[in-house]
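So the chains spell out like this:
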Amino acid sequence: MSDVAFSVSAGGVTVCGSPKEILSELAFAHYPVTVDAGEGERTFASFDGVREYLQTRFSAAPHDGGGDAAECSPARHA
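Basis of the calculations
- Residues numbered from 1 in each chain as written.
- Predicted model: local features only at pLDDT ≥ 70, side-chain atom pairs only at ≥ 80, totals over all residues.
- Heavy atoms only, no water.
- pLDDT = per-residue confidence, 0-100.
- Contact = heavy atoms within 4.5 Å.
- Axes fitted to C-alpha atoms, helices over the stretch in contact; angles between N-to-C directions.
- Helix = DSSP H or I, 4+ residues; strand = E, 2+ residues; numbered from the N terminus.
- Parallel < 35°, antiparallel > 145°, perpendicular 65-115°, else oblique.
- Left-handed = near helix turned anticlockwise from the far one by under 90°.
- Nonpolar A, V, L, I, M, F, W, Y, C, P; charged D, E, K, R; others polar.
- Pairing = 2+ DSSP bridges.
- Buried < 20%, exposed > 50% of the residue type's maximum accessible area, 1.4 Å probe, protein only.
- Arc of directions from axis to C-beta.
- Salt bridge = Lys/Arg side-chain N within 4 Å of Asp/Glu carboxyl O.

A. Region of the structure containing the confidence of the model for the protein. Of the residues in the protein, 72% reach a pLDDT of 70 or more, and the chain-wide mean stands at 76. Note that residues 64–70 has pLDDT below 50 and, in this model, seven contacts with residues that lie over four places away or in other chains.

Structure below.
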């Protein structure tokens, strides 16, 4: 699964990469955070909640690349 690229929109920024890369970016987000992982927006109060959700989502996602990397930009920390 680590070679598969996913994209997640969080707080208006689209984060792309492996599940580990996405979770690493979200570890530094300001919570609560709203995340869209292809199932509509969900709001999480803490990293633990978003981590559990995304780990379940990543394991259930079809391995088709998860989106166009050209549409993604790296997250920026304020």
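B. Main features of the packing of helix α1 (residues 19–26) against helix α2 (residues 47–60). Running from amino to carboxyl end, α1 crosses α2 at an angle of 165°, the nearest separation of the two axes being 11 Å. For the element pair α1 / α2, the angle class is roughly antiparallel. As for the relative orientation of α1 and α2, their crossing is right-handed in sense. Note on element contacts: α2 touches α1 through Phe-47, Val-50, Arg-51, Leu-54, Gln-55 and Phe-58, opposite Pro-19, Ile-22, Leu-23 and Leu-26. Looking at the contact of α1 with α2 residue by residue, the classes come out as eight nonpolar, one polar and one charged.

C. Quick look at the environment of Ile-22. Mapped onto the elements of the fold, Ile-22 is located in helix α1. Placed 16 residues apart in sequence, Ile-22 and Phe-6 show a C-alpha to C-alpha distance of 8.1 Å. If near-sequence neighbours (up to four positions away) are discounted, Ile-22 is found in contact with Phe-6, Ser-7, Val-8, Val-15, Cys-16, Gly-17, Leu-54 and Phe-58.

D. The pairing of strand β4 (residues 41–44), seen in detail. Two elements, strand β3 (residues 33–36) and β4, share four bridges in a ladder whose sense is antiparallel. Each bridged residue has a counterpart across the sheet, and for Thr-34 the counterpart in β4 is Thr-43.

E. Structural context of α1. Looking at α1, one finds that the buried residues are Pro-19, Ile-22, Leu-23 and Leu-26. The arc that holds the buried residues of α1, viewed along the axis, is 95°, so those residues lie on one side. Residues of α1 that are buried sit in contact with β1 (6–10), β2 (13–17) and α2.

F. Spatial organisation of the pattern of salt bridges. Overall, the coordinates contain three salt bridges when judged by the stated rule. Across the pair Glu-39 and Arg-42 runs a salt bridge whose closest N-O atoms are separated by 3.4 Å. A relative accessible area of 38% means that Arg-42 is categorised as partly exposed. The partner of Glu-39 in a salt bridge is Arg-57, with the nearest N and O atoms 3.7 Å apart. Here the residue Glu-39 occupies a position in the loop between β3 and β4, and Arg-57 occupies one in helix α2, the gap between them amounting to 18 residues. Owing to a relative accessible area of 43%, Glu-39 belongs among the partly exposed residues under this scheme. Beyond isolated ion pairs, a larger network of salt bridges with shared partners links Glu-39, Arg-42 and Arg-57.

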